[in-house]
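Examining the three-dimensional arrangement
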Amino acid sequence: MSADVSSSLSASAPGFYAARLARPGAVLAPMAGYSDAPMRQLAAEQGALWTVSEMISARGLVMGGDTEKLNLGRPYAGEQGRAVQLFGAEPELLADAVARAEAWFAPAAIDLNMGCPVPKIRGKGGACLLQTPEVAYTLLQAMRAATTLDVSAKIRLGWDTDRSVEVAQGLEAAGASLITVHGRTSRQRYTGEADWDAIARVAASVAVPVVGSGDILSAAAARQRQRESGVAAVMIGRGSVGNPWIFRALAGGQDGEERPSAPVRARTALRHAELQTQFYNDDTGRLTLRPLRKVLPRYLPEYPELHAELTQVVTVADVERALTPLLRDAELNDGAMQTRATATAAAEYAVSYP
């Protein structure tokens, strides 16, 4: 990370979570392959309470040769309000990783992943820690001792049965500043429905703030789940892909339609592609927009005729070409709005100065 970017970022003081939870809104979930810097930037601009990085291996940070250039942790220029999520199973490595992440990535808070059910990280942390929660408590204590930042944990209900209240209470005793609960067990992966009754029981069982996660696909669902469960906030994952405006609706208390017009969404999809190329800045040409192929159609679900082309894009020019009809509409709308604004201003001037 360059010195000018580093100096423009300041780690938040302890109490970050409490300060952010004093206002309305929702949180962008950590999602491997999705919640990278460009997506976090769009969510933050729309009012997300905070965002969370894709999970980063503590062992990789400390022993794997990763540097401050690691894209999983690297902030975009001026980024604030972002928690860095780590996974691991060894206290010393996690403590070292916390210190390194704080120095390299200027996070606002640090989060321990206890919810990833992906088989390839078994024995290395993630949801496996729900089988031995006493180990998780020592991990969080080690992380807490390594920083003055808030340290949180994101859990599932349990490995195969619900132990969420027990685990949350143990994490609270270990020094967690906040606990996020995804309402499924690890065995469920992403099948079935999230159990928000279980999340509510966790929220009622601890004094630290609890954030609820699972199956939040609209602002209306977020409001209902938060109201009924008593959580401090909700965390939104796939419901925000191609829809950063869901955070604006929740931050502003809007009750109506949360998505803007199709031309505005097309323009934002193009901007997402532009942010992608700016952030990764790959001079070799090997990096393309392939990671966005699964995201861009989500901006315009009611235009299936565009999806085939959007899932084949390689460059920003490809995205612009695919979206040309809608982008042209956006330009026409902008022109019409400017014409109306000019006419209104002229009329007001004429009234004021006859």
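Residues numbered from 1 in each chain as written. Predicted model: local features only at pLDDT ≥ 70, side-chain atom pairs only at ≥ 80, totals over all residues. Heavy atoms only, no water.

If you look at the biggest cluster of nonpolar residues, it comprises 101 residues, and the most contacted ones within it are Trp50, Leu61, Leu86, Ile110, Met114, Leu171 and Leu323. Those residues in contact with Leu86, other than ones at most four positions away along the chain, are Ile56, Leu61, Leu94, Ala97, Val98, Ile110, Asp111, Leu112 and Asn113. (Core = buried A, V, L, I, M, F, W, Y, C linked by side-chain atoms within 4.5 Å. Buried < 20%, exposed > 50% of the residue type's maximum accessible area, 1.4 Å probe, protein only. Contact = heavy atoms within 4.5 Å.)

Of the positions making up helix 8 (residues 196-205), those classed as buried are Trp196, Ala198, Ile199, Val202 and Ala203. The buried side chains of helix 8 occupy one side of the element, clustering within an arc of 150 degrees when seen end-on. Exposed residues lying more than 90 degrees from the buried face of helix 8 are Asp197 and Ala204. (Helix = DSSP H or I, 4+ residues; strand = E, 2+ residues; numbered from the N terminus. Arc of directions from axis to C-beta.)

Taking 1.5 Å as the rise per residue, helix 5 (residues 91-105) with 15 residues should run 21 Å; its terminal C-alpha atoms sit 20 Å apart, in good agreement. At its buried positions, helix 5 is contacted by strand 3 (56-57), helix 4 (58-63), strand 4 (82-87), strand 5 (109-114) and helix 6 (133-145). At the C-terminal side of helix 5, Ala106 shows a positive phi close to 50 degrees. (Expected span 1.5 Å × (residues − 1).)

A water-sized probe rolled over the atoms picks out the places where empty space is left. Enumeration over the complete set of coordinates arrives at two cavities of 30 Å³ or more. The wall of the largest cavity is formed by Met39, Leu42, Ala43, Ser240, Val241, Gly242, Pro244, Phe247, His272, Val295 and Tyr299. For the second largest cavity, the calculated volume is near 50 Å³. Taken together, Tyr17, Trp50, Val52, Ala83, Asp111, Ser152, Leu178, Thr180 and Met235 make up the full set of residues lining the second largest cavity. (1 Å grid on protein atoms, 1.4 Å probe; cavity = no way out; pocket = protein on both sides within 12 Å on 5 of 7 lines; lining within 4 Å. Points joined across faces, edges and corners; volume = space filled by probe spheres on them.)

On to the pairing of strand 5. Across the six residues that make up strand 5, a large majority, six, are buried. Because side chains alternate across strand 5, one face comprises the buried residues Ala109, Asp111 and Asn113, and the other comprises Ile110, Leu112 and Met114, equally buried. Following the chain from strand 4 across helix 5 to the adjacent parallel strand 5, one finds a crossover that is right-handed. Across six bridges, strand 5 lies against strand 6 (residues 150-156) in parallel orientation. The partner of Met114 across the bridge, within strand 6, is Ile155. (Right-handed = clockwise from strand over helix to strand, strands pointing away. Pairing = 2+ DSSP bridges.)

What follows deals with unusual backbone geometry. Although it is not a glycine, Ala106 sits at a positive phi angle of roughly 50 degrees. Here Ala106 is to be found in the loop between helix 5 and strand 5. Even without being glycine, Asp215 reaches a positive phi, approximately 65 degrees. Along the chain, Asp215 falls in the loop between strand 8 (210-213) and helix 9 (219-229). For Asp215, a relative accessible area of 28% puts it in the partly exposed group.

Take the layout of surface pockets next. By volume, the largest pocket amounts to about 650 Å³. In terms of lining, the largest pocket is formed by 31 residues, of which the most central are Pro30, Met31, Ala32, Lys154 and Tyr190.

What follows concerns the packing of helix 6 against helix 7 (residues 164-174). In the contact formed by helix 6 and helix 7, the axes pass within 9 Å of each other and the chain directions differ by 25 degrees. Looking at the two axes, helix 6 sits roughly parallel to helix 7. Where helix 6 crosses over helix 7, the two elements pack in a sense that is right-handed. Every residue of helix 7 that contacts helix 6 at Pro133, Tyr137, Leu140 and Gln141 is listed here: Glu166, Val167, Gly170, Leu171 and Ala174. The class makeup of the residues in the contact of helix 6 with helix 7 is six nonpolar, two polar and one charged. (Axes fitted to C-alpha atoms, helices over the stretch in contact; angles between N-to-C directions. Parallel < 35°, antiparallel > 145°, perpendicular 65-115°, else oblique. Left-handed = near helix turned anticlockwise from the far one by under 90°. Nonpolar A, V, L, I, M, F, W, Y, C, P; charged D, E, K, R; others polar.)

Right, let's talk about the pairing of strand 7 (residues 178-182) for a bit. A large share of strand 7 lies buried, amounting to five of its five residues. As paired strands, strand 6 and strand 7 are joined by five bridges and run parallel to one another. Each residue of the ladder has a partner; that of Arg156, found in strand 7, is His182. Handedness of the strand 6-helix 7-strand 7 crossover: right-handed. Two elements, strand 7 and strand 8, share four bridges in a ladder whose sense is parallel. Within the sheet, the bridge partner assigned to His182 lies in strand 8 and is Ser213. For the crossover that starts at strand 7, traverses helix 8 and ends in the parallel strand 8, the hand is right-handed.

Keep in mind that these numbers describe shape and distance, not what the molecule does.
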